[in-house]
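Next come the chains, spelled out residue by residue.
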Amino acid sequence: MTSYFRNAFLALILTLPAVAQAEKLTTYQLDNGMDVLVLEDHRAPVVVQMVWYKAGAADEPRGKSGIAHFLEHLLFKGTDTLAPGELSKTVAANGGSDNAFTSQDYTAYHQRIASDRLELVMRMEADRMRNLRLSEADVETEREVILEERNQRTENNPGALFAEQRNAAQYMNHPYGIPVIGWKHEMEELSLEDSLEFYQRYYAPNNAILIVAGDVIPEDVLALAEKYYGVLEPTVDLPERERTIEPPQLSERRLTFTDPRVAQPYVIRSYLAPERDSGAQEEAAALTLLAEILGGNGATSVLGNKLQFDTQQAIYTAAFYSGVSLDDTTFSLIIVPVPDISLEEAEQALDQAVAEFLEEGVDEEQLDRIKMQLRASLIYAEDDVAGRARQYGASLTSGLTIEDVQAWPDVLQSITSEQIIEAAKKVFNRNNAVTGYLMNAEGEAK
Amino acid sequence: MIRVFFSTVLAMLVALPLRAEIAIQDVTSPKGIHAWLVEDHSIPFTAIEVWFKGGAGLDAPGKRGATNLMVGLLEEGAGDLDSQEFAAAVEALAASYKFDVFDDTLIVSAQFLTENRDDAIDLLRSALTEPRFDEASLERVRGQVRSIISGNEKDPNDIASRTLNKLAWGDHPYGSSLNGTLESVNSLTRDDLIEAKNATMTRDRIHVGAVGDITPEELGALLDTLLGDLPEEGAPLPADATYALPRGGETVVEFETPQSVAIFAHEGIARDDDDFFALYVLNHVLGGGGFASVLMEEVREKRGLTYGISTYLVPKEHGALMMGQVASSNDRIAEAITVVRDVWADIAANGITEKQLTDAKTFLTGAYPLRFDGNATIAGIMAAMQSQELPIDYIATRNDKVNAVTLEDIKRVAARVLKPEDLHFVVVGQPEGLGDQQ
């Protein structure tokens, strides 16, 4: 029954990453600085094209929150040669599908289509990298759409509003504290000029990575990439990705969010945590394993054992950590108490369970099982070439290299119980933490 | 050694080949269990899907939620293993099992490495044939289900769909949530779960799809091990449901939230209706085709009234709906509803254009082969095809059926099925400018 609850907290999840070692990966760099990755999988005549830009919400100018995501919507509006909506319609008319997504660290556009149509989608994707044409009317209408998107994702969802408030408290100075979709009052003011400014700076071949995955020959992909992307002008004065950094965090932040729409109160605590660093992924690997050990599978995890099975104080517990991030990320613990346990009692129980774990150490059998699953996930991942393409895209736009991605499975296997406990003691620093209570109008779980 | 009897029927290749050498084999185990298999030895694992027809529709009177709760307990201990031991055993094998229940179907999905196949299947067999339903597990999972039900009561999307289903199907199982209510779930006993299992998970209603690193002989033996010990016969399938949605108008459910959620529907047609393919194509143009659909163009692209709008066909075993959903802020939902009604009326009266039909066909026929990506996906498609009683060569002929739809067919089906005057909207929120509020 745990899958429902995991889905409820999907925003926090990054599943255990895996990259097959025997995959066929070929890489190039075009003269204008654009990186090209080709992942071969010839089992089906399908191809996925993705273009990843090293620009996300955390790269936005101050006061313009949501512009990276707004621009992502506007990229579907047209160029000199494409009418508004024509790209998606052309992809659909050829049996394909397309979409895009924006995160704090990247924006990506992708199509999935029969492999003999790669040139078609490449021509259109390259066209909109430099030749976007926007009208005031496009911007006005699409701004209504993103405001409705914010309504749907955030305003209508107390858990999402709560997450937004906690995140803002977690990052006191770094832009990760600002929601990707944007603050509503700033979204309402986003303009055509704001969009074009962000576009012209960041949408350039020397700030982009092309990933083509599927039934393709690398040499053919390179030839097409040179023809369509190779002719594009780079941005000459591309800024370094330097965000404002956090000051020392000296005091835990605690917040309570009350909303009559809350049906299931819970306690969640996030700690500032190091991300995967290029060439030094050990600590992140230890934290990845720590999250699995503490709160992966509720029936076998430490928190599940102690709080769902032994004391039966919790309906659900979990730990989340996602190491793919350009700057410091978070490690989170959550407890959803059973009806007769208060949030204060739940928080105490959670703290006690973690303290006991640090005393008792890692159960070696559990660690072995997790490592076995990680090895197996390399095999299962061979069945999902698009998933591997996404891993590369997210990693390479978050400060990691291909070598880092390929080394990651071995790094995970190399981590010892001692390293995990050491990483845990370091990350569980209450001065770096935000503890949040989500409650309903009555103020407490019954 | 058990001798395996199996027959092999090679399906024809579709126009756009799916996989270089996709071929569905019809496997029959020594004990007579059928499965469709696609062999693919390139990756050392297998995915299997077992569909049991009936699903939550087989909940006994007064026991709503019994099948769902039972399914939630299948992974909570079996045979000698308690809940935690069972979970640890699954992890040690790096296998994955999923148990899901829907209105008409109960689905068991599994993936396992070739090196662990026997152990993985033995463990899954024990979950299917000797689940423990321990008291402690029952209470724990009951608590989870109660939490889900409470959550759904404050979720505008869930409130909308529950309200619409109740209005459309009344006391038939389709008219209520398969989770049950707090009251019904509180009253369920261990015996109710055993009864629910014996009603649903039986040999007479199994459809199996398997894909991956396994031969027909190996699959035959696996089927007998996995499913051979299940009871022969389950409870009779539910009766057909009587459609009762109010014709036209809106039902407003007051809920304090900034964006109203609307779900709308009228009666649809059955999956085996001769007009199904024409309606499928028509729905794609109307609201099923994402950015290519008329509703997305009119409601989102032109007017910015929503982030997303879609329509879909819901041909259940015992009753069919044609449905859609849209969400707009409280002050704009009335306008969105007006646009939907206008589009509905226009297409009902005038059909679609030749170009819209051609584009829809190109998309649907081109996209079809792209569905077959990944072992688990293909296993699920094959189980679903059998459950719908489609022939084994269906994949090869499906695009021809789409291409055979003419503009005349569309016009006829639009006039027959699309009923703008019947379209009923359930709106959850604080919509402005809509009739009486409930």
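The structure presented is a predicted model; accordingly, all values stated were derived computationally and were not measured. Per chain, residues are indexed from 1 in the order of the written sequence. The lettering of chains begins at A and the numbering of ligands begins at 1, in the order of writing. This being a predicted model, a pLDDT of at least 70 is required before a residue's local features are given, and a value of 80 or more before pairs of side-chain atoms are given or counted; all residues contribute to the totals for chains, interfaces and linings. To get the side-chain values, take all heavy atoms of the structure and skip hydrogens and water.

Student: It is not clear to me how the overall build of chain B should be interpreted in this structure. Could you clarify?
Tutor: Helix and strand counts for chain B come out as 15 helices and 11 strands. Radius of gyration here uses only the C-alpha atoms, and the compact-globule reference equals 2.2 Å multiplied by the residue count raised to the power 0.38. Radius of gyration (C-alpha) of chain B: 23 Å, near the 22 Å computed for a compact globule of 438 residues. Seen along its three principal axes, the alpha-carbon backbone of chain B occupies a region of about 70 × 55 × 35 Å. For chain B, the proportion of its 438 residues judged to be buried stands at 61%. Per the convention used, a helix needs a DSSP run of H or I reaching at least four residues, while a strand needs a run of E reaching at least two, with both numbered from the N terminus. Accessible area is worked out with a 1.4 Å probe on protein chains only. A residue is then buried under 20% of its type maximum, exposed over 50%, and partly exposed in between.

Student: Honestly, the overall build of chain A in this entry has me stumped. Any pointers?
Tutor: Looking only at helices and strands, chain A features 16 helices and 11 strands. What you see for chain A is a C-alpha radius of gyration of 23 Å, in line with the 22 Å of a compact globule of 446 residues. With respect to the three principal axes, the spread of C-alpha positions in chain A is 65 × 50 × 40 Å. Contact definition: two residues touch when any of their heavy atoms are within 4.5 Å. Within chain A, contacts between residues separated by at least 24 positions form 82% of all contacts whose residues are at least 6 apart in sequence. Working definition of accessibility: Shrake-Rupley area with a 1.4 Å probe, residue cover restricted to the visible protein chains. Summed over all atoms, the accessible surface of chain A reaches about 17000 Å², with 49% contributed by carbon and sulfur. Of the charged side chains in chain A, 38 are positive and 72 negative; the average position of the first set lies 2 Å away from that of the second. When charges are counted, Lys and Arg contribute as positive and Asp and Glu as negative, whereas His and the chain ends are disregarded. Charge positions come from single atoms, namely NZ of Lys, CZ of Arg, CG of Asp or CD of Glu.

Student: Looking at this model, I keep getting lost on the domain arrangement of chain A. Mind explaining?
Tutor: It is common to report an interface's size as the accessible area lost on association of the parts. Residue and element names in this part refer to chain A. What the domain assignment lists for chain A is domain 1 (2-8 + 249-439) and domain 2 (22-228). An automatic or database domain assignment is the source of the domain bounds shown. Between the C-alpha centres of domain 1 and domain 2 there is a distance of 29 Å. Contacts between the two partners involve 38 residues from domain 1, matched on the other side by 34 residues from domain 2. Note on definitions: buried area is the accessible-area loss of two parts on being combined, 1.4 Å probe, summed for both. Taken over both partners, the interface formed by domain 1 and domain 2 buries close to 2900 Å², and the fraction arising from carbon and sulfur atoms is 66%. Summed over the three residues of domain 1 that lose the most area to domain 2, namely Arg 261, Val 385 and Thr 397, the buried surface amounts to 19% of that side. Nitrogen and oxygen atoms within 3.5 Å of one another constitute a polar contact, given that in protein one can donate a hydrogen and the other can accept it, and given that sequence-neighbouring residues count only through two side-chain atoms. Linking domain 1 with domain 2 are 13 residue pairs in polar contact (both at pLDDT 80 or more), by the criterion used here. Secondary structure elements with two or more residues in the side of domain 1 that touches domain 2: strand S7 (253-258), strand S8 (266-273), strand S10 (329-337), helix H14 (385-396), helix H15 (402-414) and strand S11 (433-439). The dominant element in the side of domain 1 that touches domain 2, judged by the number of residues it contributes, is H14, at 9 residues. Residue composition of the side of domain 1 that touches domain 2, grouped by class: 18 nonpolar, 11 polar and 9 charged. Charged residues are taken to be Asp, Glu, Lys and Arg, nonpolar residues to be Ala, Val, Leu, Ile, Met, Phe, Trp, Tyr, Cys and Pro, and polar residues to be all remaining types, Gly included.

Student: Before we go on, may I ask you to explain the UniProt feature "domain: Peptidase M16 N-terminal" (unreviewed entry) in chain B in this structure?
Tutor: UniProt positions are given in the numbering used here, feature names are shortened, and annotations may be inferred rather than shown by experiment. Per the UniProt record, "domain: Peptidase M16 N-terminal" (unreviewed entry) is found at residues 38-181 of chain B. For residues 38-181 of chain B, the end-to-end C-alpha separation is 41 Å, with 44% helix and 18% strand making up the annotated structure.

Student: Please clarify how the environment of Ile392(B) should be interpreted in this entry.
Tutor: All names here are of chain B. Among the secondary structure elements, Ile 392 is positioned in the loop between helix H13 (375-387) and helix H14 (394-403). A residue is classified by how much of its surface remains accessible, and Ile 392, at 17% relative accessible area, is buried. Through-space distance from the C-alpha of Ile 392 to that of Val 108 is 21 Å; in sequence the pair is 284 residues apart.

Student: For this particular structure, what's the right way to read the pattern of salt bridges?
Tutor: Close approach of charged atoms allows side chains of opposite charge to pair. Salt bridges are defined as contacts in which a side-chain nitrogen from Lys or Arg sits within 4 Å of a carboxyl oxygen from Asp or Glu. Tallied over the entire structure, the rule returns 62 salt bridges over all chains. Across the salt bridge formed by Arg300(B) and Glu301(B), the nearest N and O atoms sit 3.1 Å from each other. Taken together, the shared-partner salt bridges in this structure form one network comprising Glu252(A), Arg254(A), Arg269(A), Glu347(A), Asp351(A) and Arg430(A).

Student: Help me understand the confidence of the model for chain A, please; the structure alone is not making it clear to me.
Tutor: Parts of the model with low pLDDT should not have their predicted coordinates read in detail. Summing up the model confidence of chain A, the mean pLDDT is 93 and the portion of residues at 70 or higher is 94%. The quantity called pLDDT is the predictor's confidence in a given residue, expressed from 0 to 100. Below pLDDT 50 for its whole length, residues 1-21 of chain A participates in 55 contacts with residues either more than four positions away or in separate chains.

Student: I'm lost on the interface of chain A and chain B in this one. Help?
Tutor: Of the residues lining the interface, 51 residues belong to chain A; the matching set on chain B comes to 70 residues. Summed over both partners, the interface of chain A with chain B buries about 5100 Å², with 56% contributed by carbon and sulfur atoms. Between chain A and chain B we count 8 salt bridges in total. Applying the counting rule to chain A against chain B returns 27 residue pairs in polar contact (both at pLDDT 80 or more). Taken together, the residues that form the side of chain A that touches chain B break down as 21 nonpolar, 16 polar and 14 charged.

Student: I'm lost on helix H4 (residues 118-130) of chain A in this one. Help?
Tutor: Residues and elements named next belong to chain A. Taking 1.5 Å of rise per residue, 13 residues should cover 18 Å, and H4 covers 19 Å from first to last C-alpha, within 8% of that figure. With 10 of 13 residues buried, H4 lies mostly within the body of the structure. Every buried residue of H4 is listed here: Leu 118, Leu 120, Val 121, Met 122, Met 124, Glu 125, Ala 126, Asp 127, Arg 128 and Met 129. Contact partners of the buried residues in H4: strand S3 (46-53), helix H3 (86-93), strand S5 (107-114), helix H8 (192-202), strand S6 (208-214) and helix H9 (218-228). Every helix has an expected span of 1.5 Å times one less than the residues it contains.

Student: Is there a simple way to explain the UniProt feature "domain: Peptidase M16 C-terminal" (unreviewed entry) in chain B in this structure?
Tutor: Residues annotated by UniProt as "domain: Peptidase M16 C-terminal" (unreviewed entry) correspond here to residues 187-362 of chain B. The span residues 187-362 of chain B shows a helical share of 41% and a strand share of 23%, and its end C-alpha atoms are spaced 52 Å apart.

Student: Can you help me understand the sheet that holds S7(A) in this one?
Tutor: Within a sheet, neighbouring strands are paired by backbone hydrogen bonds and run either parallel or antiparallel to one another. Residues and elements named next belong to chain A. Only strands that DSSP links by at least two bridges are regarded as paired with each other. What the 5 strands build is an open sheet, ordered S7-S11-S8-S10-S9; its pairing is mixed. Edge positions in the sheet fall to S7 and strand S9 (314-321), since each of these pairs with one other strand and no more. Sheet twist, expressed as the mean angle between neighbouring strand axes with direction ignored, is 15 degrees. By the bridge criterion, 6 bridges tie S8 to S11 in an arrangement that is antiparallel. Each residue of the ladder has a partner; that of Val 267, found in S11, is Tyr 437. Strands in contact with helix H6 (residues 158-170) are S7, S8, S10 and S11; relative to S7, the strand with the most contacts, it is inclined by about 160 degrees. Note on geometry: axes are C-alpha line fits, over the in-contact stretch for helices, and angles between N-to-C directions span 0 to 180 degrees.

Student: How do you make sense of the UniProt feature "domain: Peptidase M16 N-terminal" (unreviewed entry) in chain A when you look at a structure like this?
Tutor: This chain's UniProt record puts "domain: Peptidase M16 N-terminal" (unreviewed entry) on residues 37-181 of chain A. What you have in residues 37-181 of chain A is 43% helix and 18% strand, and the ends, taken at the C-alpha atoms, are 29 Å apart.

Student: Looking at this model, I keep getting lost on helix H2 (residues 67-74) of chain A. Mind explaining?
Tutor: Helical geometry note: an α-helix holds 3.6 residues per turn, so side chains three or four residues apart project in the same direction. The buried fraction of H2(A) amounts to 8 of the 8 residues, a majority that puts the element mostly inside the structure. Residues Ile67(A), Ala68(A), His69(A), Phe70(A), Leu71(A), Glu72(A), His73(A) and Leu74(A) constitute the buried set of H2(A). Looking at the buried side of H2(A), the elements it contacts are strand S4 (97-102), S5, helix H5 (136-155) and H8 of chain A together with helix H10 (294-301) of chain B.

Student: I keep staring at the packing of helix H3 (residues 117-129) of chain B against helix H8 (residues 216-227) of chain B and nothing clicks. Help me out?
Tutor: Between two packed helices, the angle of one axis relative to the other and the distance separating the axes together describe the packing. Residues and elements named next belong to chain B. Packing of H3 against H8 leaves a shortest axis separation of 8 Å and a crossing angle of 30 degrees. On the basis of the axis angle, H3 is roughly parallel to H8. Contact with H3, carried on its side by Arg 117, Ile 121, Leu 124, Arg 125, Leu 128 and Thr 129, involves Glu 218, Leu 222, Thr 225, Leu 226 and Leu 227 of H8 and no other residues of that element. A class-by-class count of the residues in the contact of H3 with H8 yields 6 nonpolar, 2 polar and 3 charged. Should an angle lie under 35 degrees it is considered roughly parallel, over 145 roughly antiparallel, and from 65 to 115 roughly perpendicular; all remaining angles are considered oblique.

Student: Even after reading the chapter, I still don't get the nonpolar core, so can you show me in this structure?
Tutor: Generally speaking, a soluble globular protein has its nonpolar side chains buried in company with each other. All names here are of chain B. In this description, a nonpolar core means a group of buried Ala, Val, Leu, Ile, Met, Phe, Trp, Tyr and Cys residues linked to one another through side-chain atoms lying within 4.5 Å. Core analysis: the biggest nonpolar cluster contains 64 residues, and Val 299, Val 340, Trp 344 and Leu 418 have the highest contact counts within it. The element best represented in this core is helix H11 (residues 333-350), accounting for 10 residues. Taken domain by domain, the makeup of this core includes at least three residues from each of domain 1 (25-227) and domain 2 (250-370 + 389-429). In contact with Val 340, not counting residues within four places along its chain, are Phe 264, Leu 295, Val 299, Ile 309, Leu 423 and Phe 425.

Student: Could you clarify how one ought to interpret the pairing of strand S3 (residues 45-53) of chain B in this entry?
Tutor: Consecutive side chains of a regular strand alternate in pointing toward one face of the sheet and then the other. All names here are of chain B. Of all 9 residues in S3, 9 are buried; the element is thus mostly enclosed. The alternating pattern of S3 places Phe 45, Ala 47, Glu 49, Trp 51 and Lys 53 and Thr 46, Ile 48, Val 50 and Phe 52 on opposite faces, both of which are buried. Summarising the sheet, S3 and strand S5 (residues 105-113) pair through 9 bridges and their orientation is antiparallel. Counted as the bridge partner of Trp 51 is Ile 107 from S5. In terms of strand pairing, S3 meets strand S6 (residues 206-212) through 7 bridges, oriented antiparallel. Following the sheet pairing, Phe 52 is matched in S6 by Ile 206.

Student: How should I be thinking about the domain arrangement of chain B in this particular structure?
Tutor: All names here are of chain B. Taken as a whole, chain B is organised into domain 1 (25-227) and domain 2 (250-370 + 389-429). Tallying the contact residues gives 20 residues for domain 1 and 21 residues for domain 2. Note on domain 1 versus domain 2: buried area summed over both sides is about 1700 Å², and carbon and sulfur give 75% of it. Where domain 1 packs against domain 2, one counts 3 salt bridges.

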